[in-house]
Amino acid sequence: SSSVYQNHTVCFGLFFRKTRIERAYLNGQARLGKNMVYAGYATLVVILCGNLLYGWLRYTILCSESNTTLTAENLDEKPERWVCFLYFGSEPFTNGTSPTFDYNDVARSSAFNMTPACAGMLFGLVILGCASHWFIHRSTYFVHRKYWALLNTWFWYFCLLLTMLLCVILTTRSNPNAIQWTESLWFITIT
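Keep in mind that this is a model prediction, so the values were computed, not measured.

With respect to the side chain of asparagine 51
Item 1. Here asparagine 51 lies in helix α3 (residues 34-62).
Item 2. A polar atom in the side chain of asparagine 51 sits 2.9 Å from the backbone oxygen of phenylalanine 112.
Item 3. Discounting residues that sit within four places of it in the chain, asparagine 51 has contacts with Ser110, Ala111, Phe112 and Phe187.

Written out as structure tokens, the structure reads:
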């Protein structure tokens, strides 16, 4: 049994010796996993929305009582104010009567700093990935070439992760006081 297996595969069983058998196998795998790709894209969107929810909760909890002026005495009264100051700087403390709260505060307090430009690019890449995957499975040209769907999926997932990484790097470079980049790298690795 192992000799038959060794006669038909190369590279410790990773590839078939004949390319037509390899393509037939990849065709079958692409057909089986067609809907799982859409589930993967949907899971990514849910995780990114959960990231924003996490940022909103963290900002609300840490900076809920920051509607005071920024002084050393006010920071020493409650440890949460120090954490709020270290994460967000003096912005939550600038207006003592009504602290400002916008999308950028939520993005900065989330695990992955998803700026509006980054969110637009990620959403666009998800749409392009879904559309190209649908096209490969519906096109008559790819009737016997469904294995291209595997490469297509890998390519768009790689583009998504590369975009997330570049967003982290560019956001960190534009704000040198940001302490969030390591947490963002952890989030990208887990995603």
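After that view of the structure, there is still more to cover.
Points about a nonpolar patch on the surface
Item 1. Judged by side-chain polarity, Trp148, Leu151, Trp154, Phe155, Phe158, Leu162, Leu165, Leu166, Ile169 and Leu170 come together as a nonpolar surface patch covering roughly 970 Å² of accessible area.
Item 2. Structurally, isoleucine 169 is set in helix α8 (residues 148-174).

Quick notes on the side chain of asparagine 152
Item 1. For asparagine 152, the location among the structural elements is in helix α8.
Item 2. Polar contacts involving the side chain of asparagine 152 include one to the side chain of tryptophan 156, which spans 2.8 Å.
Item 3. Aside from chain neighbours lying at most four places away, what touches asparagine 152 is Gly129, Ser132, His133 and Ile136.

A short note on α3
Item 1. In a regular helix each residue adds 1.5 Å, so 29 residues correspond to 42 Å; α3 covers 43 Å between its end C-alpha atoms and thus fits that length.
Item 2. Taken together, the buried positions of α3 are occupied by Val37, Tyr41, Leu44, Leu48, Asn51, Gly55, Arg58, Tyr59 and Leu62.

Section: the packing of α3 against helix α7 (residues 116-138)
Item 1. Between α3 and α7, the shortest axis-to-axis distance is 10 Å and the interhelical angle comes to 170 degrees. The pairing of α3 with α7 is recorded here as roughly antiparallel in orientation. Taking contact as the criterion, the partners of Lys34, Val37, Tyr38, Tyr41, Leu44, Val45 and Leu48 in α3 are, on α7, Leu122, Val126, Gly129, Cys130, His133, Trp134, His137 and Arg138.
Item 2. By residue class, the composition of the contact of α3 with α7 is ten nonpolar, three polar and two charged.

A word on α7
Item 1. With 23 residues, α7 extends 33 Å between its outermost C-alpha atoms, agreeing within 8% with the 33 Å of an ideal straight helix rising 1.5 Å per residue.
Item 2. The complete set of buried residues in α7 reads Cys118, Leu122, Leu125, Val126, Gly129, Ser132, His133, Ile136 and His137.

Description of the packing of aromatic side chains
Item 1. Under the criterion given, the structure shown has three aromatic pairs.
Item 2. For the pair tryptophan 154 and phenylalanine 158, a centre-to-centre distance of 5.4 Å together with 5 degrees between the ring planes defines the contact as stacked. Of the two residues, tryptophan 154 and phenylalanine 158 both sit in helix α8, four residues apart, roughly one turn of that helix.
Item 3. A relative accessible area of 54% means that tryptophan 154 is categorised as exposed.
Item 4. Phenylalanine 158 gets classed as partly exposed once you look at its relative accessible area, which sits at 42%.
Item 5. Aromatic side chains phenylalanine 155 and tryptophan 156 sit 5.0 Å apart centroid to centroid with 75 degrees between the ring planes, which places their arrangement in the edge-to-face category.

Calculation criteria
Residues numbered from 1 in each chain as written. Predicted model: local features only at pLDDT ≥ 70, side-chain atom pairs only at ≥ 80, totals over all residues. Heavy atoms only, no water. Helix = DSSP H or I, 4+ residues; strand = E, 2+ residues; numbered from the N terminus. Polar contact = N/O pair within 3.5 Å; in protein donor to acceptor, adjacent residues only side chain to side chain. Contact = heavy atoms within 4.5 Å. Patch = residues over 30% accessible without salt bridge, like charges linked within 9 Å, V, L, I, M, F, W, Y side chains within 5 Å. Areas by Shrake-Rupley, 256 points an atom, 1.4 Å probe, with all protein chains shown as cover. Salt bridge = Lys/Arg side-chain N within 4 Å of Asp/Glu carboxyl O. Expected span 1.5 Å × (residues − 1). Buried < 20%, exposed > 50% of the residue type's maximum accessible area, 1.4 Å probe, protein only. Axes fitted to C-alpha atoms, helices over the stretch in contact; angles between N-to-C directions. Parallel < 35°, antiparallel > 145°, perpendicular 65-115°, else oblique. Nonpolar A, V, L, I, M, F, W, Y, C, P; charged D, E, K, R; others polar. Phe/Tyr/Trp six-rings, centres within 6.5 Å; stacked < 30°, edge-to-face > 60°.

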